[in-house]
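Architecture and fold: a report
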Amino acid sequence: MDRGPRRRLIAVVVAGLVPWTVVLIGKELTLVFSFGLFNTNPPELLSVYSYFIRFTSALPQFIESWGSGVLLYAFALASAVAGVVWREDVRVTALALAGAGLTQFPVFLGFNRRLNYVAVPVGSLVLLIVVWWYYLPAIRADTATE
């Protein structure tokens, strides 16, 4: 299977478009994406920028790790783009993606500690699968040539 820079970039983009955490609150649904939060009642998309700049005084501590994950994901995306147009250190991209995936577990756990909340870390799993499927073979191939 081809796991070249273009395929890796597509996988990284898809991992950013998948909801990172799906939160069910009673009959309402909140989707935590890499670019913002989508609430179903009322239907509203709130960007990461708005969430962290406009509403910083009322943030629960566990949600702050989502912001760290977004920054790590942006770094991994930039690295993957660099792999297509120039060169990419696959180890750096893999580490940033794995970090982004791991930062969503506190979000998942924080929501699940609340009454009537059910959270599923979909994006965390997708990000870690992208690292495993696309980047570990590239890292192994890179270190085998040294």
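Because the structure is a prediction, the values reported are computed rather than measured.

Quick look at the UniProt feature "transmembrane region" (unreviewed entry) in the chain now. Here the UniProt-annotated "transmembrane region" (unreviewed entry) positions come out as residues 9-26, 70-86, 92-111 and 118-136. In the segment residues 118-136, helix accounts for 79% and strand for 16%; the C-alpha atoms at its two ends are 32 Å apart.

Turning next to the packing of aromatic side chains. Enumeration over the complete set of coordinates arrives at nine aromatic pairs. Ring centres 5.3 Å apart and planes at 40° place the aromatic pair Phe52 and Trp66 in the tilted group. Within this pair, whereas Phe52 is found in helix α2 (residues 48-54), its partner Trp66 is found in helix α3 (residues 64-85), the two being separated by 14 residues in sequence. Judged by its relative accessible area of 18%, Phe52 is buried.

Let us now look at the nonpolar core. Membership of the largest hydrophobic core comes to 37 residues, with the highest contact counts inside it found for Tyr51, Ile63, Trp66, Leu97, Val130 and Tyr135. Listed by contribution, the elements that provide at least two residues to this core are α1 (5-17), α2, α3, α4 (90-112) and α5 (122-144). At nine residues, the largest contribution of residues to this core is made by α4. Among all residues touching Ile63, those that are not within four sequence positions of it are Tyr51, Phe52, Val107 and Phe111.

A word on the pattern of salt bridges. Counted by the stated rule, this structure contains two salt bridges. Salt-bridge contacts for Asp89 lead to Arg91; the nearest nitrogen and oxygen are separated by 3.0 Å. Overall, Arg91 belongs to the partly exposed group, its relative accessible area being 43%.

Attention now goes to the sheet that holds strand β4 (residues 43-47). Here five strands make up an open sheet; going across it, the order is β4-β3-β2-β1-β5 and the pairing antiparallel. Every other strand in the sheet has two partners, leaving β4 and β5 (117-120) as the edge strands with one partner each. Strand after strand, the sheet turns through a mean of 15° between neighbouring axes, direction not considered. When strand β1 (residues 21-25) meets β5, the two strands line up antiparallel, connected through four bridges. Bridge pairing links Val23 to Ala119 in β5. Packed on one face of the sheet, α4 meets β1 and β5 and runs near 160° to β5.

It is the contact of α1 with α3, at a shortest axis distance of 8 Å, that shows an interaxial angle of 155°. It follows that α1 is roughly antiparallel to α3 by the angle criterion. α1 and α3 meet at a crossing whose hand is left-handed. Each of Pro5, Arg6, Leu9, Val12, Val13, Ala15 and Gly16 in α1 lies in contact with α3, whose residues at this interface are Tyr73, Leu77, Ala80, Val81, Gly83 and Val84. Taken together, the residues of the contact of α1 with α3 sort by class into ten nonpolar, two polar and one charged.

Cut-offs and rules
Residues numbered from 1 in each chain as written. Predicted model: local features only at pLDDT ≥ 70, side-chain atom pairs only at ≥ 80, totals over all residues. Heavy atoms only, no water. UniProt positions renumbered as here; feature names shortened; annotations may be inferred. Helix = DSSP H or I, 4+ residues; strand = E, 2+ residues; numbered from the N terminus. Phe/Tyr/Trp six-rings, centres within 6.5 Å; stacked < 30°, edge-to-face > 60°. Buried < 20%, exposed > 50% of the residue type's maximum accessible area, 1.4 Å probe, protein only. Core = buried A, V, L, I, M, F, W, Y, C linked by side-chain atoms within 4.5 Å. Contact = heavy atoms within 4.5 Å. Salt bridge = Lys/Arg side-chain N within 4 Å of Asp/Glu carboxyl O. Pairing = 2+ DSSP bridges. Axes fitted to C-alpha atoms, helices over the stretch in contact; angles between N-to-C directions. Parallel < 35°, antiparallel > 145°, perpendicular 65-115°, else oblique. Left-handed = near helix turned anticlockwise from the far one by under 90°. Nonpolar A, V, L, I, M, F, W, Y, C, P; charged D, E, K, R; others polar.

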